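# Analysis of the macromolecular model
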There are 4 protein chains.
Amino acid sequence: MTDFVDRPVITHAGARRALDGAIAEADSLGTPVVIVITDAAGNTVTMARMDGAPLFSIEVAEKKGWTAAASGARTCDLRDVFNADPTLLHALAPKVDDLMAVGGATPIIVDGATAGAVAVSGATEEQDQQIADAGAQCLA
Amino acid sequence: MTDFVDRPVITHAGARRALDGAIAEADSLGTPVVIVITDAAGNTVTMARMDGAPLFSIEVAEKKGWTAAASGARTCDLRDVFNADPTLLHALAPKVDDLMAVGGATPIIVDGATAGAVAVSGATEEQDQQIADAGAQCLA
Amino acid sequence: MTDFVDRPVITHAGARRALDGAIAEADSLGTPVVIVITDAAGNTVTMARMDGAPLFSIEVAEKKGWTAAASGARTCDLRDVFNADPTLLHALAPKVDDLMAVGGATPIIVDGATAGAVAVSGATEEQDQQIADAGAQCLA
Amino acid sequence: MTDFVDRPVITHAGARRALDGAIAEADSLGTPVVIVITDAAGNTVTMARMDGAPLFSIEVAEKKGWTAAASGARTCDLRDVFNADPTLLHALAPKVDDLMAVGGATPIIVDGATAGAVAVSGATEEQDQQIADAGAQCLA
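As a starting point, this report considers the structure included with it. (Residues numbered from 1 in each chain as written. Chains lettered and ligands numbered in written order. Predicted model: local features only at pLDDT ≥ 70, side-chain atom pairs only at ≥ 80, totals over all residues. Heavy atoms only, no water.)

## With respect to unusual backbone geometry
With a phi angle near 50°, A:Asp111 is a residue other than glycine that sits in the positive phi range. Within the element layout of this structure, A:Asp111 appears in the loop between strand 4 (105–110) and strand 5 (113–121). (Helix = DSSP H or I, 4+ residues; strand = E, 2+ residues; numbered from the N terminus.)

Here is the structure:
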């Protein structure tokens, strides 16, 4: 029977734990951000807009989250690929609706498969990525 | 000084309290749902997709939340208006992008002004409304 | 550890089996159709446009498939809900981008959870639903 | 009689053969990908998302497929044109909605006319192109 395989699916409790881990990291940096936790398909499980985080970060964090979940890669690494290959950036990125290859999102990997993503927007790109990494590591 | 007035703005901590109150109500009903807490402009502050809640409820809860915040009315009451006047429904509802006049969202009213909304999707319309009311009452 | 729960995820082999079961049912009815097999998030795993199936059925089948996966319900049953409640139809359905509550799609249920959907377009609504049911039953 | 001419139109059976040839090539490379087989108009006839292929590849493969069918060129060759002329890339590519000039798609040519395309996403650009070429050659 190979019609189905069992895969780990992130629970709301797990997503809340990653969210709170990311909030703690943002607090320690003193940078209010929007944090989105997605499932493997890039759909939001939970999110937080911290007091003072910019409004545009809702949409940015959602799209970074989809990008990390749908690619299985940290978005800072996707950005490096596009930095090195501008033709690829301009030929591909605008054509995929929710693709946002900007640092700040980290896939949640369980047993070698992507089970979700932590995505952050509102601070510097490096800080966003650091906060996302911290959130994802809560579930490692 | 009349250029500005102070208004109560919902914090992330307040939104989390309303969210957890709504989750507790949904748990007591045994119905997994999506819950969205918005600010006065209908933008999400925090949200939760409980384990087993249907996926389409993300979009539905977001739009019910905007509707309650942007109107200051419970969406079950807006639905009653449209039930009684189908011409109004067809003439108006499609023209306001995020207007979803279906039961399940409650404005958060502070000192007579709308400060946000609690919006719910995934159970029956009556249960969604009951859960949203419970969440909003946590902040009363 | 409740951060993750194991859930059955449909494989390409399983999706191909459901696809071929649906094609056989369509052949027995003599009605060429488009058949889409989705995962639990409504994303396509495999699809077939049979010779002579109408072109518009690609988009229709994709959206019926998302609808069945995102709701966990047969789309003919969702249609019945809307048949009985026109206010709900007009207030809700146009506001959810990919929601198409028209007969022809069946969720794939495993251990009580939605693991995907079989969606069909191109014949009558009743035939589409019959073909979708036949495809889903291949995996039961 | 010049109102109509006979043209070879790809059947579902032909598309399935190209699909399975491409899957076999991807298996031999050990790289799960999304494969889309289109007709001469760039509309999908059949597709497969192999187990482990990234989710974003659905949209990418569909657009590469349209590009190869609508141009009659391998998308790696279109990419070379844009690599050599960035102004052309920026002036033209964003204006054609589904144009994605990134390696990985091969037109299916019959008697000198384009009858469809094989499009691939999920591996390296070179591997995607190799898999697409292999699929198209099944029909040569």
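Continuing now.
## Some thoughts on the sheet that holds strand 3 (residues 44–49) of chain C
Strand order across the open sheet formed by eight strands is 4(C)-5(C)-2(C)-3(C)-2(D)-1(D)-4(D)-3(D), with antiparallel pairing between neighbours. Looking along the sheet, the strands with just one partner apiece sit at the ends: strand 4 (105–110) of chain C together with strand 3 (105–110) of chain D. Each strand axis lies, on average, 15° off the axis of its neighbour in the sheet, ignoring direction. In this structure, strand 4 of chain C lies alongside strand 5 (residues 113–121) of chain C, joined through six bridges in antiparallel fashion. Of the residues in strand 5 of chain C, the one forming a bridge with C:Ile109 is C:Thr114. (Pairing = 2+ DSSP bridges. Axes fitted to C-alpha atoms, helices over the stretch in contact; angles between N-to-C directions.)

## Regarding the state of the cysteines
All names here are of chain A. In total, this model carries zero disulfides over all chains according to the counting rule given. Here Cys76 stays free of any disulfide, with the sulfur of Cys138 as its closest cysteine sulfur at 17 Å. The class for Cys76 is buried, based on a relative accessible area of 18%. (Disulfide = S-S within 2.5 Å. Buried < 20%, exposed > 50% of the residue type's maximum accessible area, 1.4 Å probe, protein only.)

## Some thoughts on the arrangement of the chains
Out of five pairs of chains that touch, the pair holding the most contacts is chains A and C. Without any contact between them, chain B and chain D keep their closest C-alpha atoms 17 Å apart. (Contact = heavy atoms within 4.5 Å.)

## Re the sheet that holds strand 4 (residues 113–121) of chain B
Paired through their backbone hydrogen bonds, the strands of a sheet run either parallel or antiparallel. The eight strands lie next to each other as 4(A)-5(A)-2(A)-3(A)-2(B)-1(B)-4(B)-3(B), forming an open sheet whose pairing is antiparallel. Unpaired on one side and paired on the other, strand 4 of chain A together with strand 3 (105–110) of chain B mark the two borders of the sheet. Ignoring which end each strand starts from, the neighbouring axes of this sheet average 15° apart. Judged from the six bridges that link them, strand 1 (residues 34–39) of chain B and strand 4 of chain B form a sheet pairing that is antiparallel. Bridge pairing links B:Val36 to B:Ala119 in strand 4 of chain B.

## Points about a negative patch on the surface
Together, A:Asp6, A:Asp111, C:Asp6 and C:Asp111 make up a negatively charged patch on the protein surface. We classify C:Asp6 as exposed; its relative accessible area is 52%. (Patch = residues over 30% accessible without salt bridge, like charges linked within 9 Å, V, L, I, M, F, W, Y side chains within 5 Å. Areas by Shrake-Rupley, 256 points an atom, 1.4 Å probe, with all protein chains shown as cover. Salt bridge = Lys/Arg side-chain N within 4 Å of Asp/Glu carboxyl O. Lys, Arg positive; Asp, Glu negative; His and termini not counted. Charge placed at Lys NZ, Arg CZ, Asp CG, Glu CD.)

## Quick look at the interface of chain B and chain C
Chain B puts 20 residues into the contact, and the matching count from chain C is 14 residues. In this assembly, chain B packs against chain C so that about 1400 Å² is buried in total across both faces, 65% of it on carbon and sulfur atoms. The largest share of the area that chain B buries against chain C comes from B:Leu55, B:Phe56 and B:Glu59, three residues that together contribute 34% of it. At the boundary of chain B and chain C, one finds one salt bridge. (Buried area = accessible area lost by both parts, 1.4 Å probe.)

## As for helix 3 (residues 75–84) of chain D
The set of residues buried in helix 3 of chain D consists of D:Thr75, D:Cys76, D:Leu78, D:Arg79 and D:Phe82. Projected onto a plane normal to the axis of helix 3 of chain D, the buried residues spread over an arc of 155° and lie on a single side. Of the surrounding secondary structure, the elements contacted by the buried residues of helix 3 of chain D are helix 4 (86–92) of chain A together with helix 2 (57–71), helix 4 (86–92), strand 3 and helix 5 (125–137) of chain D. (Arc of directions from axis to C-beta.)

## Focus on the relation of the copies chain C and chain A
Taken as rigid bodies, chain C and chain A are interconverted by a rotation of 180° and an axial shift of 0.0 Å, the fit giving an RMSD of 0.0 Å. What the rotation and shift describe, once combined, is the action of a two-fold rotation axis. (Least-squares fit on C-alpha atoms with pLDDT ≥ 70 in both.)

It is worth stressing that arrangement in space is one thing and function is another; only the former is reported here.
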